[in-house]
Amino acid sequence: MVVGMTVDADDALDAVWHALGGGPRPTGVRWAGPAGVLPSRLPTAVLARATVAAYALAAEELATARGLAGGADVVVDSGAVGTAFTSERHLRRGGRPFDSFASLSRFWRAADGWVRTHGNYPHHQARLLAALAVPDTAADLADAVGRRIAELPAATVEDVVTRSAGLAVAVRTPDEWTTHPQGAAVSELPLLSLDRVEGGPPRSMAPAPDAPRLPAHGVRVLDLTRVIAGPVATRSLALLGADVLRVDSRGLPELEAQHLDTGFGKRSTLLDLAQRADRAAFEELLSAADVVVTGYRPGALDRFGLGPPSLLERRPGLVVASLSAWGPAGPWSDRRGFDSLVQAATGIAMREAAADGSPGALPAQALDHGTGYLLAAAVLRGMASRIRAGGGWSARLSLAQTARWLLHDLPATASGDQPPGPTASTVGEPSDPAAWCVEIDAPGGRLRHALPAVTLRGGPRTWAHPPTPWGSDAPRWR
């Protein structure tokens, strides 16, 4: 068992369950596994365990609402959680790892501080270079970008790159973020919201199988998300038996490693909503969907009538979950963002700074993964609530809200999270991540991947099938 962690993890779980609108917990939680997983100055491991446990409890609640036999206590093992929160690091194809961050996704020293940029996607790199007036023909792009940023104040880099639709933030301390207009706006928000919207009486669902036990069996999920947080949520729903169909635009391809890592149990199709035939196919999918999960920046889908209010008005009884980087309010609410940028802007990077004062990072992309499990928990609670009380349900989450929870609301110290000495955070790995990884045959080659963060009693040990190739599936439900 994890020593010294139970009280902290229980308190964090209570806070999450309260934010989800839950009453008494539907079942118990037992904490197990090694200490020292995901070591950092901030209580990253507590966040990880609590968000995974909330997802598992919400799954059990939905199982009960659907008449499945009662489950035993949920066991949350820190080894499984730590491996799942770093799943992209364990992904192998043919024994070979995938590239991670691109050379222009990093911290840079500016004239008066530090800047964090993101350039993993080709179009983001192009915008970054254009904003900084760095030619893409430079012999050493990283050197050229570094020299340019060193000439400018951090806030200037942030403004110039953002105005060009690129991705850069000035690195701030927690206090600086709290007084920033966006930080102040986020401070007024709860960890997440899950609200009932008028949509009719309670709705029963067809019985779900109990061998294996699949609480989300038959739930149709339209997955309009990208990168990590949203896809982690929908991957978690697929594990429980949901029919998850991810829809991407043909003109906005995904990074292969991210698609593979988060695509287990799901299918993938391509539709251009500006084309009449593709829009008709999408509308047919929407007409039979139970859940829509969106992960694009706020407002990006409004022109197609796919913002949460429009969806709920058109499809009463739908469960809609929306995810953003910076939150639904404030001057940055419509900005693009990634886990690494949110860590830098909100003060996490400085809380995890190295001994020389240079910014650090959490031992995992914990804002992405943690918010993903919270998002899945909100969907599951929405489905269970629809069975009991009817109505449609709307959930809103953001990486910035999760960051605030980690920085200000979780225990300041927690046994097993704090690395020894005033040094930068180390990259946390479970004591034996191999115990939580398996190999399977998949299209394109044999894959080694991390197992789910938690397994419900009687539920599947892993997903029903490997990721299908990006965009290879027909736009229809099973």
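Residues numbered from 1 in each chain as written. Predicted model: local features only at pLDDT ≥ 70, side-chain atom pairs only at ≥ 80, totals over all residues. Heavy atoms only, no water.

Caption draft 1: Geometry of the overall build of the protein chain. Within the protein chain, the secondary structure is distributed over 17 helices and 16 strands. Seen along its three principal axes, the alpha-carbon backbone of the protein chain occupies a region of about 65 × 60 × 50 Å. For the protein chain, restricting intrachain contacts to residue pairs at least 6 apart in sequence, the fraction spanning at least 24 positions comes to 78%. Accessible surface, the protein chain: about 17900 Å² in total, of which carbon and sulfur atoms supply 53%. Taking the 47 positively charged and 48 negatively charged side chains of the protein chain as two groups, their mean positions are separated by 5 Å. (Helix = DSSP H or I, 4+ residues; strand = E, 2+ residues; numbered from the N terminus. Contact = heavy atoms within 4.5 Å. Areas by Shrake-Rupley, 256 points an atom, 1.4 Å probe, with all protein chains shown as cover. Lys, Arg positive; Asp, Glu negative; His and termini not counted. Charge placed at Lys NZ, Arg CZ, Asp CG, Glu CD.)

Caption draft 2: Inspection of the side chain of Ser105 at higher detail. Positionally, Ser105 belongs in the loop between β4 (96–97) and β5 (107–109). Accessibility expressed as a relative area gives 6% for Ser105, which makes it buried. Looking at Ser105, its side chain comes within polar contact range of the main-chain nitrogen of Gly119, at 2.7 Å. Non-local contacts of Ser105, meaning those with residues more than four positions away in its chain, are made with Arg116, Thr117, His118, Gly119 and Asn120. (Buried < 20%, exposed > 50% of the residue type's maximum accessible area, 1.4 Å probe, protein only. Polar contact = N/O pair within 3.5 Å; in protein donor to acceptor, adjacent residues only side chain to side chain.)

Caption draft 3: Representation of the packing of aromatic side chains in the model. In the structure shown here, the tally under the stated rule is seven aromatic pairs. Both rings, one in Trp177 and one in Trp332, keep their centres 5.5 Å apart while their planes meet at 55 degrees; by these two values the pair is tilted. Note that Trp177 is positioned in helix α8 (residues 174–179) and Trp332 in the loop between β13 (319–324) and α14 (339–346), a separation of 155 residues in sequence. Both residues of the pair, Trp177 and Trp332, count as buried. Taking 4.9 Å as the distance between ring centres and 85 degrees as the angle between the ring planes, the aromatic pair formed by Trp326 and Trp332 counts as edge-to-face. Judged on exposure class, the residue Trp326 and its partner Trp332 are both buried. Members of the aromatic cluster, each reached through a chain of ring pairs, are Tyr55, Phe85 and Tyr373. Its guanidinium or amino end placed over the ring of Phe107, Arg116 lies 4.7 Å from that ring's centre, counting from NZ or CZ. (Phe/Tyr/Trp six-rings, centres within 6.5 Å; stacked < 30°, edge-to-face > 60°. Lys NZ or Arg CZ within 6 Å of the ring centre and 35° of its normal.)

Caption draft 4: Structural context of unusual backbone geometry. The phi dihedral of Ala133 falls on the positive side, at around 60 degrees, and the residue is not glycine. Take Ala133: it is sitting in the loop between α5 (122–131) and α6 (141–150). On the basis of relative accessible area, Ala133 is assigned to the exposed category, the value being 64%. Here Ala165, not a glycine, exhibits a phi torsion of approximately 65 degrees, which is positive.

Caption draft 5: Just empty space enclosed by the protein, in detail. One pass over the structure, following the stated rule, counts seven cavities of 30 Å³ or more. If you add up the space inside the largest cavity, you get close to 70 Å³. In terms of lining, the largest cavity is formed by Pro174, Trp177, Thr178, Gly183, Ser187, Thr346, Ala400, Ala403, Arg404, Leu407 and His408. Listed by contribution, the elements that provide at least two residues to the lining of the largest cavity are α8, α9 (181–187) and α17 (399–409). (1 Å grid on protein atoms, 1.4 Å probe; cavity = no way out; pocket = protein on both sides within 12 Å on 5 of 7 lines; lining within 4 Å. Points joined across faces, edges and corners; volume = space filled by probe spheres on them.)

Caption draft 6: Quick look at the confidence of the model for the protein chain. Confidence in the prediction for the protein chain averages 90 pLDDT; 94% of positions are at 70 or higher. Contacts from residues 1–5, a stretch scored under 50 in pLDDT, to residues over four places away or in other chains number 15 contacts. Here residues 413–430 is a poorly scored stretch, pLDDT under 50, and it has 57 contacts once near neighbours within four places are set aside; other chains count. (pLDDT = per-residue confidence, 0-100.)

Caption draft 7: Representation of the packing of helix α2 (residues 44–65) against α17. Between α2 and α17, whose axes approach to 10 Å, the crossing angle comes to 125 degrees. In terms of axis orientation, α2 runs oblique to α17. Considering the relative orientation of α2 and α17, their crossing is right-handed. Taking contact as the criterion, the partners of Thr44, Leu47, Ala50 and Thr51 in α2 are, on α17, Thr402, Trp405 and Leu406. Here the residues of the contact of α2 with α17 sort into four nonpolar, three polar and no charged. (Axes fitted to C-alpha atoms, helices over the stretch in contact; angles between N-to-C directions. Parallel < 35°, antiparallel > 145°, perpendicular 65-115°, else oblique. Left-handed = near helix turned anticlockwise from the far one by under 90°. Nonpolar A, V, L, I, M, F, W, Y, C, P; charged D, E, K, R; others polar.)

Caption draft 8: Quick look at α14. With eight of eight residues buried, α14 is to be regarded as a mostly interior element. Restricting attention to buried positions, one finds in α14 the residues Asp339, Ser340, Leu341, Val342, Gln343, Ala344, Ala345 and Thr346. Following α14 by one or two positions, Gly347 adopts a phi angle in the positive range, close to 105 degrees.

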